[in-house]
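# Topology and contacts: notes
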Amino acid sequence: MLEALTATSLAPLQRDRTGAAARTVAEPSVATGGTAVSITGLTKRYGDKTVLSGIDLSFRAGEFVAIVGRSGCGKSTLLRLLLGLEKPEGGEIRIGGQPAPRAGGDVARFIFQEPRLLPWQRVLDNVALGASRTVPADRRRPLAQEALKEVGLADRGGEWPSVLSGGQRQRVALARALVSHPKLLALDEPLGALDALTRIEMQGFLERVWKHQGFTAVLVTHDVSEAVALADRIVLIDGGRVALDVAVPLARPRVRGSAEFGAIEGQVLDRLFAGR
Amino acid sequence: MSNATQSIEAGGFAANAGWSGQLWLPGLIAAASWAATAVVTVALPDVVPWGSAGLFAILTGAGAAALVVLALAVPRLGAAGRTIVHYGPWFIAVGVWFFLWELTTAKFGWLPKPFFSPPHGLLAVYVAEWERLLICIGYSLRLWGLGFFSGIAVGFVVGVALGWSKGFSYWGMPILKLIGPVPATAWIPVTFYFFPTTFHASIFIVALSAGIPVAILTASGVAAVNRSYYDVARTLGADSRFLVLKVAVPASLPHVFVGLFMGLYYSFAVLVVAEMLGAKYGLGWYIQFQTAYSGYANVYATLIIMALICAGLVKLLFVGRDRLLAWQKGIL
């Protein structure tokens, strides 16, 4: 973590990490720190259509990056490549200095737009699915219970997913992703299917969990205000290239409607529409 | 007859009203219809004697007395009382049915012996033949149990393989679709050659009739599982074993149960034929034996037993399904 922060040449966005560190002492099972990611010359084609052409990006360990762009700009593809769900035609992804792992490792986890819980498994068992394969089977449920506590659903473990609300289900999906303490969390429009009020609630919630666990977060969203509210940095993808890469130097928790908030939102939106 | 129509009208009215003060009116009407059956059974002579008329009158009379007691006690019985009230119109219908059945068969002889039997004719069969029928039930359940359970076990495994593996499906699905519609009984000549005893051949036929619908529906269930579940399980590091056992199989269970219900009905229908193959006991064997001697009352009595056993097994299967598929409650 420290190494990553000092190694980076980008303007460091200091976050107050003392609170998280203090809690970590009390709960030794909570992993801290994320992992640095470097992407060089990443290219992806589907048939004749080039979706990504030579993307160069690097994320610092523990950074919260939002990737925005219009539908079909390749932002979700970038995320799938990052997690090893698809193979690139060219370029390289290194996570923590290592070549990107195949899907199924413990370093990275994915949150989809829909929670995708297995409806025939109880909430606790759904979360336990996320536990690392290296953890013995009888240790997975206690870990899952801890993860459920982290997302504020400690008492719902025995229920079927079908009785939970949309927001609660997405929190269970988050717990399932966090139970293995990933160093990289990829989120593909995780709040897109929720109503406006639940969305804002969940954004604050996501921010708290990220602060607590310190993973590197890569959030794909089409909602610029969500990106400004959550991210350290906003990357705009347009035409398969990085069109804008802007830091969000606002103190957390961020106040929507403040002048700085609006300025950054305006800057990203202007660039988004300029590409039209 | 006028008695009966009155009962029906009053029953319909009472079913709407449900209660009449502290008295359960449909219960009294039902008691009247049952009592009428008892009276008719002893008061009028049989055209041709059937036996057990006295016992039938005692049973229906006792039923009538019990209904009178219930009519008075139901308001104080709580949940059980509400269940009884719910079935009130059925108590009336059964009483009226017995009454008409008695008159048209034994008393007036409009539906003659041996093709038809009055209710006390069936009772006479149970009284005279209960030992032999019990043995037959035991034999039939043994054959059915061995056939059904081995059939659904093989059918389920084959179905999962067909739904999961493309190669298996390529070769297996056309064959299954081809032999699926062939009646299980058509295999009898082949089974005689392949199986050491006729009992094994019978088991095979029952197993085949139960296994094929289970295999087909399991295969379609496994093949229809939402791909996104596999996707998410893979990102969490799940192996193929997990994907089959924890994703594909549970997801396909609703389909599998449809197959099980079909297999249950088919296997029961086939049971009668399977017991043609050199059986010495069994409900199917008994039915054929009695048909040959025009013992139709015995046939009806046995059919009732088979229907009750089948209905009981279906009920059991429903209970099992509701337990295993409890997760569906919020979804459906």
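Just so we're clear, the structure is a prediction, and the values are computed from it rather than from any experiment.

### What to know about the domain arrangement of chain B
What the domain assignment lists for chain B is domain 1 (2-110) and domain 2 (123-324). The distance between the C-alpha centroids of domain 1 of chain B and domain 2 of chain B comes to 38 Å.

### A closer look at the domain arrangement of chain A
Residues and elements named next belong to chain A. Entries for chain A in the domain assignment read domain 1 (33-53 + 65-107 + 184-276) and domain 2 (119-181). Each of domain 1 and domain 2 was reduced to a C-alpha centroid, and the two centroids are 25 Å apart. With ten residues of domain 1 at the interface, the matching set in domain 2 holds ten residues. Of the residues contributing to the side of domain 1 that touches domain 2, the split by class is six nonpolar, two polar and two charged.

### Remarks on the sheet that holds strand β9 (residues 233-238) of chain A
Residue and element names in this part refer to chain A. Strand order across the open sheet formed by six strands is β6-β7-β8-β3-β9-β10, with mixed pairing between neighbours. Of all the strands in the sheet, just β6 (108-111) and β10 (241-247) have a single pairing partner and so form its edges. The mean angle between the axes of side-by-side strands here comes to 20°, regardless of whether they run parallel or antiparallel. Looking at chain direction, strand β3 (residues 64-68) and β9 are connected through four bridges and run parallel. Note on β9: the bridge partner recorded for valine 65 is arginine 233. Lying over the sheet, helix α9 (residues 259-274) contacts β3, β9 and β10, oriented at roughly 170° with respect to β10.

### Observations regarding unusual backbone geometry
With an omega dihedral of -5°, the bond running from arginine 252 of chain A to proline 253 of chain A counts as a cis peptide bond. Mapped onto the elements of the fold, proline 253 of chain A is located in the loop between β10 and α9. Across the junction of lysine 113 of chain B and proline 114 of chain B, the peptide omega takes the value 5°, indicating a cis bond. Mapped onto the fold, proline 114 of chain B is located in the loop between α5 (88-107) and α6 (119-164). A positive phi is found at histidine 181 of chain A, a non-glycine position, where the angle reads about 50°. The residue histidine 181 of chain A is located in the loop between α6 (166-178) and β7 (184-188) in this model. Not every positive phi belongs to a glycine, and serine 294 of chain B is a case in point at roughly 55°. The topology assignment puts serine 294 of chain B in the loop between α12 (283-292) and α13 (296-324).

### Comments concerning the confidence of the model for chain A
All names here are of chain A. Mean pLDDT over chain A: 82, with 86% of residues reaching 70 or higher. For chain A, helix α2 (residues 18-26) is the element with the lowest average pLDDT, namely 37, and β3 is the one with the highest, namely 95. Confidence drops under a pLDDT of 50 for residues 1-31, and excluding neighbours within four residues, the segment shows 30 contacts in the predicted structure.

### Section: the interface of chain A and chain B
Chain A puts 17 residues into the contact, and the matching count from chain B is 14 residues. Taken together, the residues that form the side of chain A that touches chain B break down as eleven nonpolar, four polar and two charged.

### Comments concerning the packing of helix α2 (residues 25-43) of chain B against helix α3 (residues 53-73) of chain B
All names here are of chain B. Following both chains from N to C, one finds α2 and α3 inclined at 165°, their axes separated by 8 Å at the closest point. Between α2 and α3, the angle is such that the two are roughly antiparallel. Relative to α3, α2 is oriented so that their crossing is left-handed. Across from Gly27, Leu28, Ala30, Ala31, Trp34, Ala35, Thr37, Ala38, Thr41 and Val42 in α2, the residues of α3 making contact are Ala53, Gly54, Phe56, Ala57, Thr60, Gly61, Gly63, Ala64, Leu67, Val68, Leu70 and Ala71. A class-by-class count of the residues in the contact of α2 with α3 yields 15 nonpolar, seven polar and no charged.

What counts and how
Residues numbered from 1 in each chain as written. Chains lettered and ligands numbered in written order. Predicted model: local features only at pLDDT ≥ 70, side-chain atom pairs only at ≥ 80, totals over all residues. Domains from an automatic or database assignment. Contact = placed C-beta atoms within 7 Å. Nonpolar A, V, L, I, M, F, W, Y, C, P; charged D, E, K, R; others polar. Pairing = 2+ DSSP bridges. Helix = DSSP H or I, 4+ residues; strand = E, 2+ residues; numbered from the N terminus. Axes fitted to C-alpha atoms, helices over the stretch in contact; angles between N-to-C directions. pLDDT = per-residue confidence, 0-100. Parallel < 35°, antiparallel > 145°, perpendicular 65-115°, else oblique. Left-handed = near helix turned anticlockwise from the far one by under 90°.

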